Number of protein chains: 2
Amino acid sequence: MNTTAGKPEGSRVIMIDGLAISVDDCPVRDVLGSVGGKWNSLMILSLAEGPRRFSQLRRLIPDISQRMLTQTLRDLQRDGYLARTVFPTKPPSVEYALTPLGRSFLELLRSLVRWSGEHHAEIRAARRIFDENGV
Amino acid sequence: MNTTAGKPEGSRVIMIDGLAISVDDCPVRDVLGSVGGKWNSLMILSLAEGPRRFSQLRRLIPDISQRMLTQTLRDLQRDGYLARTVFPTKPPSVEYALTPLGRSFLELLRSLVRWSGEHHAEIRAARRIFDENGV
DNA sequence: CAGTATCCGGGAGGATACTG
DNA sequence: CAGTATCCTCCCGGATACTG
């Protein structure tokens, strides 16, 4: 994030909107990593209705590559949003499910989805006007 | 995200969590662009308490480069989150302020900030456990 | 003061092939 | 079925220098 090559690193903090925000170790940045990635949010939404297996998720999200499907699942599992369960059948099947943390985050995500739907037209309009007047 | 510069693109839609999500023209993706960018969210939070001028913002967010400060402001202005007002003094001064849309989005952002604070420890813990057991 | 203009490295993410 | 392993491309964002 920042090289700060040579600094003692005394946990620099800036005040924004009445909030102490750490530049070096920011909770919001951590969460934004999960909301900002291309597939993370969609993945959590895809598990909203219940556990799904790898190939089910692949069909649910046709545009994702195996590589990104695997990586997204691993990242979300790592941060505790979802749990991975292996059933030792043959061939093996693996199930992914939201954890309590993931379900809690899902609420936030639904607010975001709702807000997006309500204001998308407004955003598109602003963009159009800006682009017309701009160049 | 998508140029839309030539394809008929019959608006492919997938159903997730009871929601119709367009792959080609997704409201959530548009908003996630603003929440996901490295500086966008922080910029909106920085304008929460009132209008700020360019150099004020630079001091508020010491780690940002001029380039990214300019670009972040332009992107957010383009999408209608903030308004830019030029005062023809000399040297000129420029003021940035949240629009109603920006203030509406700010509420969402504050939920995100609150949630992040409340669950950061949990996330860090999950991460630690995963990394230990992993390799 | 409030920006452009360039150059550049690193990482996110896509495509493809292979495996237990 | 549920993944690894590679390779490659694009573009985000940092550094630096210049300007009205």
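The coordinates are above.
What you see is a predicted model; the values in this text were computed from it and never measured.

### A look at the sheet that holds strand β5 (residues 93-98) of chain A
Whenever strands of a sheet pair, they do so through backbone hydrogen bonds, lying parallel or antiparallel. Residue and element names in this part refer to chain A. The strand order across the open sheet formed by 3 strands is β3-β5-β4, and the pairing between neighbours is antiparallel. On the outer flanks of this sheet lie β3 (52-53) and β4 (82-87), each paired with one strand and no other. In this sheet, β5 lies alongside β4 in antiparallel orientation, the contact comprising 6 bridges. Within β5, the position partnered with Thr85 by the bridge is Glu95.

### A short note on the protein's contact with DNA strand C
Close to DNA strand C lie 17 residues, the nearest being A:Lys38, A:Arg67, B:Ser55, B:Arg84 and B:Tyr96. When the atoms of DNA strand C within 4 Å of the protein are grouped by moiety, sugar and phosphate amount to 68% of the total. In the environment of DNA strand C, a base oxygen lies 2.7 Å from a nitrogen or oxygen atom belonging to the side chain of A:Arg67. For the surface near DNA strand C, the elements supplying multiple residues, two or more each, are α4 (66-78) of chain A together with α3 (54-60), α4 (66-78) and β5 (93-98) of chain B.

### Some details on the sheet that holds strand β3 (residues 52-53) of chain B
Spatially, β3-β5-β4 (chain B) is the arrangement adopted by the 3 strands of the open sheet, whose pairing is antiparallel. In the strand order of this sheet, the two ends are held by β3 and β4 (82-87) of chain B, each with one partner.

### Considering the protein's contact with DNA strand D
Among the 17 residues in the neighbourhood of DNA strand D, the closest are listed as A:Ser55, A:Arg84, A:Tyr96, B:Lys38 and B:Arg67. Put simply, 70% of the atoms of DNA strand D that lie within 4 Å of the protein are in sugar or phosphate. Within the side chain of A:Arg53, a nitrogen or oxygen atom sits 3.3 Å from a phosphate oxygen of DNA strand D. Take B:Arg67: an N or O atom from its side chain is 2.7 Å from a base oxygen of DNA strand D. For the surface near DNA strand D, the elements supplying multiple residues, two or more each, are α3 (54-60), α4 and β5 of chain A together with α4 of chain B. Of the residues contributing to the surface near DNA strand D, the split by class is 7 nonpolar, 5 polar and 5 charged.

### Here we look at the relation of the copies chain B and chain A
Superposition record for chain B on chain A: RMSD 0.1 Å, screw rotation 180°, translation along axis 0.0 Å. Considering both components of the superposition, the chain copies are consistent with a two-fold axis. The C-alpha atom lying nearest the rotation axis in chain B is that of B:Gly36; the distance is 2.0 Å. Comparing interface residues between copies, 100% of those in chain B also lie at the interface in chain A; the contact surface is shared.

### Some thoughts on the packing of aromatic side chains
Centre-to-centre distance and the angle between the planes together describe a pair of aromatic rings. The tally for this structure, following the rule as stated, stands at 6 aromatic pairs over all chains. Ring centres of A:Tyr81 and B:Trp115 lie 6.4 Å apart, and the angle between their planes is 15°; on these two criteria the pair is classed as stacked. Taken together, the positions of A:Tyr81 in the loop between α4 and β4 and B:Trp115 in helix α5 (residues 100-134) put the pair across two chains. An aromatic cluster is present here, built from A:Tyr81, A:Phe105 and B:Trp115 joined pairwise through their rings. Its guanidinium or amino end placed over the ring of B:Trp39, A:Arg29 lies 5.1 Å from that ring's centre, counting from NZ or CZ.

What counts and what doesn't
- Residues numbered from 1 in each chain as written.
- Chains lettered and ligands numbered in written order.
- Predicted model: local features only at pLDDT ≥ 70, side-chain atom pairs only at ≥ 80, totals over all residues.
- Heavy atoms only, no water.
- Pairing = 2+ DSSP bridges.
- Helix = DSSP H or I, 4+ residues; strand = E, 2+ residues; numbered from the N terminus.
- Near = heavy atom within 4 Å.
- Polar contact = N/O pair within 3.5 Å; in protein donor to acceptor, adjacent residues only side chain to side chain.
- Nonpolar A, V, L, I, M, F, W, Y, C, P; charged D, E, K, R; others polar.
- Least-squares fit on C-alpha atoms with pLDDT ≥ 70 in both.
- Contact = heavy atoms within 4.5 Å.
- Phe/Tyr/Trp six-rings, centres within 6.5 Å; stacked < 30°, edge-to-face > 60°.
- Lys NZ or Arg CZ within 6 Å of the ring centre and 35° of its normal.

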